[in-house]
Amino acid sequence: MNLHLYDVIVRPVVSEKSTLLAEYENQYVFEVAPTANKIQIREAIETIFDVDVVKVRTMVMPAKRGQRGRKKYRRTSQWKKAIVTLAPGDSIDLFDQ
Amino acid sequence: MNIQTERLEDHTARLTVEIEATRFEKAKQQAARNISRKVNIPGFRKGKAPYRILANFVGEEAIVAEAVEQLGEDVYKSVLKESDVEVYGTAELEDFTLEPLPTFKFRVPLQPSIDLNDYRSVRLDYEEPVITDEDVDNAINSLLEQHAVIEDSQGPVQIGHRVTVDIHGVFVDEEQPDEDDTDEDHEAHDHEHDDVIDERLHEAPNYLLHRHDMQIILEADREIAPGFAKAMEGATLGELRTFELTYPDDDEEHGELAGRTVRFDVVVKKIENRTLPVLNDDFAARVTEQEDQPLTLLQLRMRIRENLEAAAEMDARSEYAWKVVDKIAEQATISYPEELVKDESNRLIDNAMRRMNISRDDYLRLTQQTEDDLLEQFHEPAIRSIQRGLVLREIIEREGIEITEDQLEKEIANFVVAQFGEEQAASFRTLFEDKAMRETMRTDLLQERVLDHIVAIAKGEAAQPQLTLEEEDEENEDENQVSIESEESEPVEDAEADTQGESE
């Protein structure tokens, strides 16, 4: 696979749910490249944030279509989400940009 | 909480308040919750975003601003309780600093303060108003005119006639008169002429006046413009007369019209003959026929003179009293914040607008002024009114002037009888059961009292303030009787009161 390390992770997912997970479960949520596998994600996170990853769960979020106006559709395409569990004591500070 | 008070020049105070950092931190949290309820942050339901996310999204400054606003109110309220300043109106948050401690700086207008200084030594000469024989003659003349016999007349206009005219006066000296302003124009405006605002609009700079169905008595000594009566002489019914008249340069009566030339277009619509009654005992008896004992001419003259004197006396007295108040104000040390002046100006403006029955916006539009112009205009009167009010209030307090319930009752009873007559007094009496009415009455009475007192001071007749309360009451009652006496002579002379009104 020629997916570069820094291309694996697309963005952190900031939402109510992800904030709660980070706060109580030490789990962090990211959108990742659709082709990335768990191993690549683990490596990327460990390298970029200098933390130990205990577990990676991934899922493919379905594309969604909602109607907006008569003829136009609002679409979101399919994407891959990863929930990364860190070793106790490690944390990622994502929101202080 | 640490409060420092600092008095400033313009009768305001600066309150510097330091608060604990934790308190401010709490306020920030609360502010963040408030903001998050209003802001839509993607990924979060309203009110659910945590502080950090929110700070990123709306910025720390917004949260601080919100916190300052909310905490400011709380802090201000508790400061007012703790500090000893007497505050007038609303405070203004001047400054807020975070370091080293969160510190608020408020600028608060203070209650006006007054030091009357030696107001008891204020003296002013009182000028007795003089009623001359001429004044009496004038009053009798207008009485005659009121009872004049008016008959329609067909004939040409003569001096002394009463005419009903449509009149239109245009300045023709500076601006070019509008050539269309002829008779048709009058008709075009016919339907709108009783609209006050419309009339004002017509009085644009180059109009002197524009009136329909105006009643004019053609007499040399009360004309719209000098020579008007003469110019109208000989006009017939329905005739349109156009003529130009020039006000003399040194015309004092017409003020700013002096030296201007006006072209009048006058349409005669009605001519009436006036026959004045003969001035003799019969006339006097007729004028006073409702009375038990009709008066002779001589008695009538005396009566009129008495009334004129009483009225002039009352006017002069009140004018004098206010002059004294102004003088006391002059030598007193008065300070008040600018906010008070502004509020007072607004109050005066509102009153004036209500009297003119026009809204403030309309007025501004018509006179092409801005709000600030208007406030500026009322600046001086507002200051005077504030000073007078403060002086009165302070004197009331210093002299221990008060109105007891009994006195109020008595005054109301008098007032009702004087105003509505014996028969209806009872039914109107109930009106004054209302608390607000009583208060108004009390305020009026108090003002009357204090003015009487001030007059006494300025004439050097006032007793020393170290009176016991009883004596004070007696004194007040004496004064009260004086005013009642002058009031008692009033109801008899309704007719005269009218004539005075007209001769003005």
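Residues numbered from 1 in each chain as written. Chains lettered and ligands numbered in written order. Predicted model: local features only at pLDDT ≥ 70, side-chain atom pairs only at ≥ 80, totals over all residues. Heavy atoms only, no water.

Novice: I'd like a description of the packing of aromatic side chains, backed by residues and values.
Specialist: Residues and elements named next belong to chain B. Taken as a whole, this structure holds 8 aromatic pairs over all chains when the rule is applied. Taken together, a centroid distance of 5.4 Å and an interplanar angle of 75 degrees make the contact between Phe-228 and Phe-264 edge-to-face. Here Phe-264 lies in strand β10 (residues 261-275) and Phe-228 lies in helix α7 (residues 228-232), a separation of 36 residues in the sequence. The exposure classification of Phe-228 matches that of Phe-264, with both residues buried. Aromatic pair Phe-243 and Phe-264: ring centres 5.8 Å apart, planes at 35 degrees, arrangement tilted. Here Phe-243, found in strand β9 (residues 240-246), pairs with Phe-264, found in strand β10; they are 21 residues apart in sequence, far enough to count as distant. (Phe/Tyr/Trp six-rings, centres within 6.5 Å; stacked < 30°, edge-to-face > 60°. Helix = DSSP H or I, 4+ residues; strand = E, 2+ residues; numbered from the N terminus. Buried < 20%, exposed > 50% of the residue type's maximum accessible area, 1.4 Å probe, protein only.)

Novice: Can you break down a positive patch on the surface residue by residue, with the values?
Specialist: A surface patch of like charges, here positive, comprises Lys-17, Lys-38, Lys-55 and Arg-57 of chain A. Along the chain, Lys-17 of chain A turns up in helix α2 (residues 16-25). (Patch = residues over 30% accessible without salt bridge, like charges linked within 9 Å, V, L, I, M, F, W, Y side chains within 5 Å. Areas by Shrake-Rupley, 256 points an atom, 1.4 Å probe, with all protein chains shown as cover. Salt bridge = Lys/Arg side-chain N within 4 Å of Asp/Glu carboxyl O. Lys, Arg positive; Asp, Glu negative; His and termini not counted. Charge placed at Lys NZ, Arg CZ, Asp CG, Glu CD.)

Novice: Which residues make up a negative patch on the surface, and what values do they have?
Specialist: All names here are of chain B. Taken together, the side chains of Asp-372, Asp-373, Glu-376 and Glu-380 make up a negatively charged region of the molecular surface. Along the polypeptide, Asp-373 turns up in helix α12 (residues 371-377). A residue is classified by how much of its surface remains accessible, and Asp-373, at 36% relative accessible area, is partly exposed.

Novice: Which residues make up the sheet that holds strand β2 (residues 27-32) of chain A, and what values do they have?
Specialist: The strands making up a sheet associate through hydrogen bonds between their backbones, and the pairing can be parallel or antiparallel. Residues and elements named next belong to chain A. The sheet built from 4 strands is open, its strands ordered β1-β2-β6-β3 with antiparallel pairing. The two strands at the open ends of the sheet, each matched to only one other strand, are β1 (9-12) and β3 (53-61). Looking at each pair of strands side by side, their axes are set apart by 30 degrees on average, direction ignored. Bridging between β2 and strand β6 (residues 79-86) involves 6 bridges; their strand directions are antiparallel. Counted as the bridge partner of Glu-31 is Lys-81 from β6. Strand contacts of α2: β2 and β6, with the helix running at about 140 degrees to β2, the strand carrying the most contacts. (Pairing = 2+ DSSP bridges. Axes fitted to C-alpha atoms, helices over the stretch in contact; angles between N-to-C directions. Contact = heavy atoms within 4.5 Å.)

Novice: Help me get a handle on the packing of helix α10 (residues 338-356) of chain B against helix α13 (residues 379-399) of chain B, residues and values and all.
Specialist: All names here are of chain B. At a closest axis distance of 8 Å, the pairing of α10 and α13 adopts a crossing angle of 105 degrees. When the axes of α10 and α13 are compared, the pair comes out roughly perpendicular. On α13, the residues touching Glu-338, Leu-340, Val-341, Glu-344, Ser-345, Arg-347 and Leu-348 of α10 are His-379, Pro-381, Ala-382, Ile-383, Ser-385 and Ile-386. Taken together, the residues that form the contact of α10 with α13 break down as 7 nonpolar, 3 polar and 3 charged. (Parallel < 35°, antiparallel > 145°, perpendicular 65-115°, else oblique. Nonpolar A, V, L, I, M, F, W, Y, C, P; charged D, E, K, R; others polar.)

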